[in-house]
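Notes for the structure review
Here's the letter readout for the chains.
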Amino acid sequence: AQTVTQSQPEMSVQEAETVTLSCTYDTSESDYYLFWYKQPPSRQMILVIRQEAYKQQNATENRFSVNFQKAAKSFSLKISDSQLGDAAMYFCAAINPGLGTDKLIFGTGTRLQVFP
Amino acid sequence: EPEVTQTPSHQVTQMGQEVILRCVPISNHLYFYWYRQILGQKVEFLVSFYNNEISEKSEIFDDQFSVERPDGSNFTLKIRSTKLEDSAMYFCASRLDSSSGNTIYFGEGSWLTVV
């Protein structure tokens with residue numbers, strides 16, 4: 001079975017500061033992909049960043065980067081220079097083709113508040 | 001940038017009525033999905049569809065649910081006889097293939113309220 005755990009229901013950060021959202025996952029396979037999705041109040045699900053498990057280099061997308069620790073099965077999201085528009089629910093998710101499935105498994109989410 | 005589009009954005013229906021939620025996936029994508037999110041809960045997988053057939057479905061996707069790709073562009077989710085507990089945001093999603101890092105792109109969701 002595959003599970004994704006987000007242990008922080010809520011986080012807050014001051015505008016222009018940096019915040020890190022935690023995620024751990026559990027899979028026995030080596031072929032998997034990890035994602036962070038952002039869900040603003042509009043409830044749209046927006047892809048923030050993805051990481052292929054076979055890549056050692058941490059993914060980066062502008063102000064968003066990940067700390068992928070494969071041995072620890074940890075996949076945290078770092079948001080630098082936080083902006084008011086970053087306030088949203090953030091979901092960590094995994095897909096595990098090695099198990100013969102292509103469904104995304106989501107964590108329970110972390111609500112990020114950004115204060116001016 | 002290509003996107004997944006969904007209609008309607010919001011639908012209110014009476015319990016027991018049939019509902020069809022429509023989606024237009026990204027045009028060259030090959031894999032299609034429906035997910036749902038009950039208010040305040042996490043996103044749950046319903047069904048995946050490839051090569052004109054269901055490739056995987058969850059326990060939630062019982063006989064009340066069906067999917068169809070009637071014309072090569074639309075992808076629909078039908079709920080035959082809605083229940084109160086079907087009230088949720090329903091997301092359509094699509095994926096090209098493994099060459100894109102298995103990235104799944106979501107639509108803006110259809111919010112279904114069953115009264």
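The text that follows walks through the structure, step by step, so that each part is easy to find. Remember, it's a predicted structure, so these values are computed and weren't measured experimentally.

What counts and how
- Residues numbered from 1 in each chain as written.
- Chains lettered and ligands numbered in written order.
- Predicted model: local features only at pLDDT ≥ 70, side-chain atom pairs only at ≥ 80, totals over all residues.
- Heavy atoms only, no water.
- Helix = DSSP H or I, 4+ residues; strand = E, 2+ residues; numbered from the N terminus.
- Rg over C-alpha atoms; globule rule 2.2 N^0.38 Å.
- Buried < 20%, exposed > 50% of the residue type's maximum accessible area, 1.4 Å probe, protein only.
- Contact = heavy atoms within 4.5 Å.
- Areas by Shrake-Rupley, 256 points an atom, 1.4 Å probe, with all protein chains shown as cover.
- Lys, Arg positive; Asp, Glu negative; His and termini not counted.
- Charge placed at Lys NZ, Arg CZ, Asp CG, Glu CD.
- Salt bridge = Lys/Arg side-chain N within 4 Å of Asp/Glu carboxyl O.
- Polar contact = N/O pair within 3.5 Å; in protein donor to acceptor, adjacent residues only side chain to side chain.
- Nonpolar A, V, L, I, M, F, W, Y, C, P; charged D, E, K, R; others polar.

Re the overall build of chain B
Scanning chain B from N- to C-terminus turns up zero helices and eleven strands. When the helices and strands of chain B are placed in sequence order, the string is β-β-β-β-β-β-β-β-β-β-β. In terms of overall dimensions, chain B is globule-like: its C-alpha atoms have a radius of gyration of 13 Å, near the 13 Å expected for 115 residues. A principal-axis box enclosing the C-alpha atoms of chain B has dimensions of 40 × 25 × 25 Å. When burial is assessed residue by residue, chain B has 47% of its 115 residues classed as buried. Restricting the contact set of chain B to residue pairs at least 6 apart, pairs at least 24 apart contribute 53%. Carbon and sulfur atoms provide 45% of the accessible area of chain B, an area that totals close to 5,700 Å².

Here's the deal with the overall build of chain A
Across its full length, chain A carries zero helices and twelve strands. Each helix (α) and strand (β) of chain A, taken in turn from the N terminus, gives the series β-β-β-β-β-β-β-β-β-β-β-β. In summary, chain A has a C-alpha radius of gyration of 14 Å against a globular reference of 13 Å for 116 residues, a match within 12%. The principal-axis extents of the C-alpha atoms in chain A amount to approximately 45 × 25 × 20 Å. When the 116 residues of chain A are sorted by exposure, 50% land in the buried category. Here the analysis covers contacts within chain A between residues at least 6 apart in sequence; of these, 55% occur between residues at least 24 apart. In chain A, 10 positive and 11 negative side-chain charges are present, and the distance between their average locations comes to 3 Å.

Looking at the interface of chain A and chain B
For interface size, the figure often reported is the accessible area lost on association. Taken together, the contact pairs 21 residues of chain A with 23 residues of chain B. Inspection of the chain A/chain B interface yields two salt bridges. For the salt bridge of A:Lys103 with B:Glu56, the shortest nitrogen-to-oxygen distance reads 3.6 Å. Counting every contact that joins chain A to chain B gives eight residue pairs in polar contact (both at pLDDT 80 or more). Elements represented by at least two residues in the side of chain A that touches chain B include exactly β5 (33-39), β6 (46-52), β10 (88-95) and β11 (104-106) of chain A. In terms of residue class, the side of chain A that touches chain B is made up of ten nonpolar, six polar and five charged.

Structural measurements only, silent on function.
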